[in-house]
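# Breakdown of the fold
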Amino acid sequence: MACGRGTVAVWLAEHGFGVDAVDVSEPALAAGAALAADRGVGEQVRWWSHDLDEGLPDGCAGPYDVVVCQRFRDPALYPVLAQRLAPGGLLVVTVLSVVGDEGGPFRADAGELLAAFDGLTRLDHTERDGEASLLARRP
Ligand SMILES: C[S@@+](CC[C@H](N)C(=O)[O-])C[C@H]1O[C@@H](n2cnc3c(N)ncnc32)[C@H](O)[C@@H]1O
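Our subject in this report is the structure included herewith.

### Looking at the nonpolar core
Counting residues in each nonpolar core, the largest one holds 25 residues, and the members touching the most others are Met1, Leu81, Leu91, Leu113 and Phe117. Put simply, the parts of the chain that give this core at least two residues each are β3 (64–70), α3 (78–83), β4 (85–96) and β6 (131–137). Taken domain by domain, the makeup of this core includes at least three residues from each of domain 1 (1–56) and domain 2 (62–139). Residues contacting Leu81, with those up to four places away along its chain left out, are Met1, Val67, Cys69, Leu91, Val93 and Phe117.

### Observations concerning helix α2 (residues 26–38)
For α2, spanning 13 residues, the distance from its first C-alpha to its last is 18 Å, which sits close to the expected 18 Å at 1.5 Å a residue. Where α2 is buried, its residues meet α1 (7–14), β1 (19–23) and β2 (45–49). Between the side-chain oxygen at the start of α2 and the backbone nitrogen of Ala28 there is a gap of 3.1 Å, and the oxygen is on Ser25.

### Considering the environment of Ala61
Examined against the element boundaries, Ala61 turns out to sit in the loop between β2 and β3. Along the backbone, Ala61 and Ala28 are 33 residues apart, and their C-alpha atoms lie at a distance of 22 Å.

### Let's talk about the site of the ligand
Around the ligand, the surrounding shell holds 13 residues, and the nearest of these are Ala2, Asp23, Asp51, Leu52 and Gln70. At 2.7 Å from a nitrogen atom of the ligand is found a main-chain nitrogen or oxygen belonging to Ala2. Take Asp53: an N or O atom from its side chain is 3.4 Å from a nitrogen atom of the ligand. Here the ligand, which alone exposes 590 Å², has 69% of that area covered by the protein. Among the domains, domain 1 (1–56) and domain 2 (62–139) are the pair contributing at least three residues each to the shell around the ligand.

### Examining the sheet that holds β4
Here we have 4 strands laid out as an open sheet, ordered β3-β4-β6-β5, and mixed in their pairing. Edge positions in the sheet fall to β3 and β5 (121–128), since each of these pairs with one other strand and no more. With strand direction ignored, the average angle separating the axes of adjacent strands in the sheet is 5°. As paired strands, β4 and β6 are joined by 7 bridges and run antiparallel to one another. Among the inter-strand pairings, Thr94 is bridged to a residue of β6, identified as Ser133.

### Focus: the environment of Asp109
Among the structural elements, Asp109 can be located in the loop between β4 and α4 (112–116). Residue Asp109 is classed as exposed on the basis of its relative accessible area of 52%. Considered as a pair, Asp109 and Val10 are 99 residues apart in the sequence and their alpha carbons are 31 Å apart.

### A look at α1
The complete set of buried residues in α1 reads Ala9, Val10, Leu12 and Ala13. Around the axis of α1, the buried residues are gathered within 160° of arc, so they sit on the same side. Taken together, the buried residues of α1 touch β1, α2, β2 and β3. Downstream of α1 by a residue or two, Gly16 has a phi angle that is positive, lying close to 95°.

Rules of the game
Residues numbered from 1 in each chain as written. Predicted model: local features only at pLDDT ≥ 70, side-chain atom pairs only at ≥ 80, totals over all residues. Heavy atoms only, no water. Core = buried A, V, L, I, M, F, W, Y, C linked by side-chain atoms within 4.5 Å. Buried < 20%, exposed > 50% of the residue type's maximum accessible area, 1.4 Å probe, protein only. Helix = DSSP H or I, 4+ residues; strand = E, 2+ residues; numbered from the N terminus. Domains from an automatic or database assignment. Contact = heavy atoms within 4.5 Å. Expected span 1.5 Å × (residues − 1). Polar contact = N/O pair within 3.5 Å; in protein donor to acceptor, adjacent residues only side chain to side chain. Near = heavy atom within 4 Å. Areas by Shrake-Rupley, 256 points an atom, 1.4 Å probe, with all protein chains shown as cover. Pairing = 2+ DSSP bridges. Axes fitted to C-alpha atoms, helices over the stretch in contact; angles between N-to-C directions. Arc of directions from axis to C-beta.

The following block contains the structure:
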């Protein structure tokens, strides 16, 4: 989700995953595709040029063993991220947070990730220095 230049997508592909990588930025996707090709995993990543304001692409139905969304926050998509996980699948989310920072329109309220994903099993959670991260597993 919001994969940017694809560093995580390529890392996952290098570790044997087939990956759907979604971002609205064509230059970022092109950089990701070039990186994947350079690392020899070009066939393992599908790059989706898509505006996540419209939800996930229809072709990204999952279920996924891993869902990663880092440094992109859209609370409207939180339920979709959880739904797309396979049983036992891992969710990794990092967003800006008001905790330890001055706040602003793009920052999560304290405890936002814990509340949004309370149906998952929490494995790790940190919230400090203006950033919140959650690692959780679908039961
Ligand atoms: C701060 S970057 C994070 C990129 C990557 N997740 C990382 O951690 O390196 C935010 C990303 O979100 C993407 N983005 C912002 N709004 C988006 C939207 N509405 N739909 C899809 N991607 C979006 C940007 O193009 C950018 O690649």
